[in-house]
Structure formats: C-alpha cells, structure tokens
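# Summary of structural features
Each chain is listed here by its residues.
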Amino acid sequence: MQPFICITSVHQDYIPVDAAGNFPVVVNTYSSVSCVHKVEYTLFEQEKLIKKGKLTPCTDWTWSEMVSGKGA
C-alpha cells in the first residue's frame with residue numbers, strides 16, 4: 001500500500017466555504033490488508049504550504065475535518 005495519495009476533486013472550481021472561511025475535507029479509505037490508523041492532509045496554494053493537519057475518523061472508512069484555508 002502506498003504511504004500517501006494525492007487527490008484533488010473540486011466540483012466546477014467551487015469549494016463550499018462557511019462563514020468562518022472553513023471548508024470540508026472528507027476522505028474515504030479502504031484497505032483489505034490493513035487497518036487505517038490515521039489520515040493527514042497538506043494544503044498548498046500555488047506550491048506554497050498553507051497548512052497541515054490530521055483528519056478525524058467518522059466511520060471505519062471515512063475521515064473528515066473542517067479546515068481553515070487561512071495560514072497555519
């Protein structure tokens with residue numbers, strides 16, 4: 001299993017942002033050979049690191065967090 005994966009999926013160049021400037025990051029993970037113990041995210045804008053963090057488990061496979069697009 002790869003130690004990381006990078007997927008960006010923005011629907012029609014639109015990210016839903018709440019009044020505080022936060023947006024949802026949701027990841028579905030699944031491996032038939034090992035348990036997923038943590039999921040981390042790294043946010044870049046034009047190749048500049050904006051923020052890093054960990055997602056919170058919601059189910060056995062789904063991890064999520066509301067992330068601020070503002071600097072670390």
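Residues numbered from 1 in each chain as written. Predicted model: local features only at pLDDT ≥ 70, side-chain atom pairs only at ≥ 80, totals over all residues. Heavy atoms only, no water.

## Observations regarding the confidence of the model for the protein chain
Selection rule: Per-residue confidence from the predictor is reported as pLDDT, which spans 0 to 100. A run of DSSP states H or I qualifies as a helix once it reaches four residues; a run of E qualifies as a strand once it reaches two. Both are numbered from the N-terminal end.
On average, the protein chain scores 79 in pLDDT, and the residues at 70 or more come to 75%. Across the protein chain, strand β4 (residues 56-57) holds the top mean pLDDT of 94, while strand β2 (residues 40-45) sits lowest at 85.

## Quick look at the pattern of salt bridges
Convention followed: Note on definitions: salt bridges are taken to be side-chain nitrogens of Lys or Arg within 4 Å of carboxyl oxygens of Asp or Glu. In this scheme, a residue with accessible area under 20% of its type's maximum is buried, one over 50% is exposed, and one in between is partly exposed, where area comes from a 1.4 Å probe on protein chains only.
Tallying each qualifying case throughout the model produces one salt bridge. With a closest N to O distance of 3.6 Å, Glu-40 and Lys-38 form a salt bridge. Assessed through its relative accessible area of 53%, Lys-38 is described here as exposed.

## What about unusual backbone geometry?
Trans peptide bonds make up the majority, and among non-glycine residues the majority have a negative phi. A positive phi is found at Gln-46, a non-glycine position, where the angle reads about 50°. Tracing the backbone through its elements, the reader meets Gln-46 in the loop between β2 and β3 (48-54). One non-glycine residue, Glu-47, lies in the positive phi region at around 65°. Tracing the chain through its elements places Glu-47 in the loop between β2 and β3. On the accessibility criterion, Glu-47 (79% relative accessible area) is exposed.

## Focus: the pairing of β3
Heads up, the condition is: A pair of strands is labelled paired if DSSP reports no fewer than 2 bridges between them.
Inspection of the sheet shows β2 paired to β3 by six bridges, in the antiparallel sense. The residue bridging Leu-43 from the neighbouring strand is Lys-51, located in β3.

## Quick notes on the pairing of strand β5 (residues 62-68)
One ladder, built from seven bridges, connects strand β1 (residues 22-28) with β5; its direction is antiparallel. When the bridges of β5 are listed, Val-27 appears paired with Trp-63. Here β4 hands over to β5 after four residues, the two strands then running antiparallel side by side.

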